[in-house]
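Summary of structural features
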Amino acid sequence: MWTPLEQALARIRAIFAVSALDKELDRELESHIAMLTDENIRRGMEPDEARRAALLRVGGRESTKELHREVRGLPFLETLAQDLRYTFRTLRRDFAFALFATLIVGLGIGASCTIFSVINTLILRPLPFGDPNSLVWIKNNPGTDAKDLSSQTIQVNYLRELRELSKSFSAVGAYMAFYGIGDSKLIGQGEPERLTTIPVSQNFFPVLGVEPILGRQFTEEEASGNRNFNGNNGPGVVMLNYTLWQRRFGSDPHIIGKTIDLDGQLDVIVGVLPASFDFGNIFVPGTKVDLYIPFPMNDQTNRWGNTMSAVGRLNHGVNIASAQAETSILAKQMNKEHPNMNGFDPFLSPLSQHINGTVRPALILLGAAVGVVMLIVCANLSNLLLARGATRQKEIAIRSALGATKMRLIRQMLTESVVLSFCGAVLGLILAILGTRMLAHLSGFAIPMLASVRVDGITLAFTVLVAVVTGLFFGLVPALQISSRTLHGSLKDANRGSSQGRGHTWIRGALVVSEIALACVLVVGAGLLVHSFLQVLDVNLGFHPEHSVALRIDPDRSYDNKEKQNAYFNEALRRTMEIPGVQAAALSDALPLGRNRSWGAGVKGRVYARDNYPDAYVRIISDGYFKAMGIPILKGRDFTPDDGTNSRKVLIVNESMARNLFGTQDPLGQVMDSNAIIVGVVGDVRHLALEQGSGSEMYLPIRQTTDYASVDLVVRSTLTDAQIAPRLREALLPISPDLPTSNMRPLQTLVDKAVSPRRFVVMLLGGFAVFALILASLGIYAVISYSVSQRTQEIGIRMALGATAGGVQKNVLLQTLRLAAIGMAIGIVTSLLFAGALRSLLFGVNSADPATFVAMLVILTCVAAMAGYFPARRASRIDPIIALRSE
Amino acid sequence: MAEPKADILQGTLDLMVLKTLDSIGTMHGYGIARRIEQIGAQALAVNQGTIYLCLIRLVQKKWISAAWGTSENNRKAKFYSITKSGRKQLADETENWERVSGVIGKVLQLAPRR
């Protein structure tokens, strides 16, 4: 016997071999009839008579064939194949409609799939680590604001002890959070280039479960003896990020063991990380990370204070709550044992949450928005199909007269809508592939994992699901509508220009109203976000980024003492100032909206409790910085080149710090615990984020300290960015021959990057809102112009009875606006209900912002009026004579 | 689709075809139809075409096999013959049939209660 599978296959094959099998049966029946005829002739019949008797005896050949087909094939699939053939024929005939529907569904599905890919990458797909669910992020001082790295990071010895004592963690890895972007200068192998190096604990990659694709992990000796850190003289080793290996070394498979020249020091390459793991992409979105070096976790680095960002791997069977409980207790003990160390107040969260937490609300919003867009798409297509169904009444009537059952008609209609939806899905998939590729290549967007967004199997499955659901959804109403019309009714209706049944009009009106309401919600959401975005851009930064650029010019190793370094700075500034067009030039170790660190900043002579010692963000700068940045000096003076190693230690504070420490007292002349005297007060700068006010901030002269990790030259000039780069390189060539200018960045890019996640959401949501508006206007247009064409006779009669063209036009426009008004009323209520959910994404705007709602009302009314205008004009031009003659 | 009543008919027709092929060996559709009519069965009373539905069904179940050949009157025809699994099926069905008809027969022979 055949297996069920074989049988099924034979049956499916039978469907596609219909004609061949039919022919075979035909031949068989023919031979049967011939034999029967022979027999009849033998019995004495006339040949003609014999054949007729035989034909009768065998029975209806067509019905036998039909039954035969049913037995040998799968009737369901065969019907489907029939429906599909019919559908393609219909759609080919109505090509414009098919194209339009495909386009709408395609845009909708393209948008959904793109957003789904992002959600899939950031939220659904596991992180590219081994067993990512047991990884936790260990944050210090959970109460502090989101961007102050100094309080969030952990001192080295706490982590070392945590490893020893904790029973919850099988391992704790960490990276040094105060690495500098572009800290290492790569020399040789082409243009010199600034690279970003992340110092990681020896076990960092093993804890994450990331294996190098080439080479090996760091060893303990390499970490503890790394000569990159003070006093060590062990080997210098690095691991390469995949992108650097590919870009700079042409994916050289024999790279392990070769050396790389970083700032004039040769380090050995011991490993290359896999493409799936990109540190920047995951931990510091928007930053390109190139190299990893092992970081020594010892008493010496412990003295650096809070520096480490830590990731722990939970032991099997330990949940995060119990790990939190244990770690908190351990931290309390450790705090007591080390009164001289900074505080440790650990807070554990799943690593995935740490990584996608900040963008999660925005993604959920975008997901919801795309869902709304799909609903509008469905409503629109339902409407189109209804209109089309009305013109197809005769065809349907004939089909049902020929015996098509109601089920069969519904099936035919649904097949059509699903086919349309699948055509759209194909287009949508192409759009989604393009869209995700574009998103993945967005640089400078501070959104985690964005670079790994792509269309994968899950997205593909999602697309198919969406296509089917969409097809059924938008096809259902029209299908039911069409098949519910009786044969009698539709034949009677078909020739008369009378209005359609009430139900029909009602459904189409309801569809348009819901389209408008949904568009309303999207426009309000997008409006609120755009408004917030404008508010953010409007924020007083405290500095003027226009016409300023920054360039890393860290002194080489050859400037190995403070005097030489100061001389280098003097020379660099002098040479820069000589470039024609340069108005101001200065140095800084930390530009705004970048990395942050804070130091203790107590006033001399005051006594503070341990937890209350004030701290402030630190910037180490040269004279002229405030001019180059456009920060106003409010009181006192700027630094001068004479504030050097041998003169009195000075500092400048910002307004907030002056207020926080001294209230109404005069801050000038006050002395800090560090013995520095305050010589000036400057305006606040938004250095954490545009949305966040400044904290205390202090500026130290670069010539009085060595405590900077990087030096940026900030230049304000009348030159364009393209003009200034070669001139800077030329000017600095004598003192810094290997200077890479590739990383010169206008200060505006710092601001752009800071607002990039917001811009991302605004762009997408704005796009959806526009799409929704277009769809809604199309929906309105379709319904109104349909109703005008249905009412041609009625309007003709009205005009014959004296209605003016203007009156008719007004009538139609009012009809349009009535629909729009109902839709907007529903939309406003819905928006008010859901706008609260947006609150976390808003800035400087209330979720019930009246301006946004009014703007939405105006926009939608205009759109509706425009959509209604064309049919209204057509109605007003109806010639009563012609309209009535056609009756 | 197929009604329960048709199923019974189908079943009996299947059994008759199998039995026919079992006893006379290879035969074409016309021959089988003739044979069944000669026995006096009513299964094909309305139209003989029905036999081909039965035949394709049996072929799909691999109880019979089919091949084109030439009849005694030199006509092209498709010849069917019973397969090994067809014989087994026939045996099973026959046994089943006999048991059922035996039971039914006994039931029908019960003396009516007066």
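Everything below is about the structure shown above.
Residues numbered from 1 in each chain as written. Chains lettered and ligands numbered in written order. Predicted model: local features only at pLDDT ≥ 70, side-chain atom pairs only at ≥ 80, totals over all residues. Heavy atoms only, no water.

1. Re the nonpolar core
Residues and elements named next belong to chain A. Ranked by internal contacts, the top residues of the largest apolar core, which has 192 residues, are Leu 240, Phe 277, Phe 283 and Tyr 292. Considering each element in turn, this core owes the most residues, 20 residues, to helix α26 (residues 747-790). Discounting chain neighbours no more than four positions away, the residues touching Phe 277 are Phe 129, Phe 205, Leu 208, Val 210, Asn 241, Ile 282, Phe 283 and Tyr 292. Counting residues in each nonpolar core, the second largest holds 43 residues, with Ala 585, Val 711, Ala 731 and Met 744 among its members. (Core = buried A, V, L, I, M, F, W, Y, C linked by side-chain atoms within 4.5 Å. Buried < 20%, exposed > 50% of the residue type's maximum accessible area, 1.4 Å probe, protein only. Helix = DSSP H or I, 4+ residues; strand = E, 2+ residues; numbered from the N terminus. Contact = heavy atoms within 4.5 Å.)

2. What about the interface of chain B and chain A?
Listed by partner, the interface residues are 31 residues for chain B and 27 residues for chain A. Of the roughly 2600 Å² buried where chain B meets chain A, counting both sides, 57% is carbon and sulfur surface. Considering only the surface of chain B that becomes buried against chain A, Tyr 30, Tyr 52 and Gln 60 of chain B emerge as the three largest contributors, covering 27% of it. Summed over the shared surface of chain B and chain A, the result is 4 salt bridges. Across the salt bridge formed by Arg 75 of chain B and Asp 38 of chain A, the nearest N and O atoms sit 2.8 Å from each other. Where chain B packs against chain A, one counts 12 residue pairs in polar contact (both at pLDDT 80 or more). Mapped by element, the contributors of at least two residues to the side of chain B that touches chain A are α2 (29-39), α3 (50-60) and β3 (76-82) of chain B. Residue contributions to the side of chain B that touches chain A peak at 6 residues, all from α3 of chain B. (Buried area = accessible area lost by both parts, 1.4 Å probe. Salt bridge = Lys/Arg side-chain N within 4 Å of Asp/Glu carboxyl O. Polar contact = N/O pair within 3.5 Å; in protein donor to acceptor, adjacent residues only side chain to side chain.)

3. A look at the packing of helix α8 (residues 156-165) of chain A against helix α14 (residues 320-337) of chain A
Each packed pair of helices is defined by two parameters, the angle between the axes and the distance between the axes. All names here are of chain A. Between α8 and α14, the shortest axis-to-axis distance is 11 Å and the interhelical angle comes to 125°. On the basis of their axis angle, the class for α8 and α14 is oblique. Crossing handedness for the pair α8 and α14: right-handed. Between α8 and α14, the contacting residues are Tyr 158, Glu 161, Leu 162 and Leu 165 on the first element and Glu 326, Thr 327, Leu 330, Met 334, Asn 335 and Glu 337 on the second. Looking at the contact of α8 with α14 residue by residue, the class counts come to 5 nonpolar, 2 polar and 3 charged. (Axes fitted to C-alpha atoms, helices over the stretch in contact; angles between N-to-C directions. Parallel < 35°, antiparallel > 145°, perpendicular 65-115°, else oblique. Left-handed = near helix turned anticlockwise from the far one by under 90°. Nonpolar A, V, L, I, M, F, W, Y, C, P; charged D, E, K, R; others polar.)

Read these as layout, nothing more, since geometry by itself doesn't imply function.
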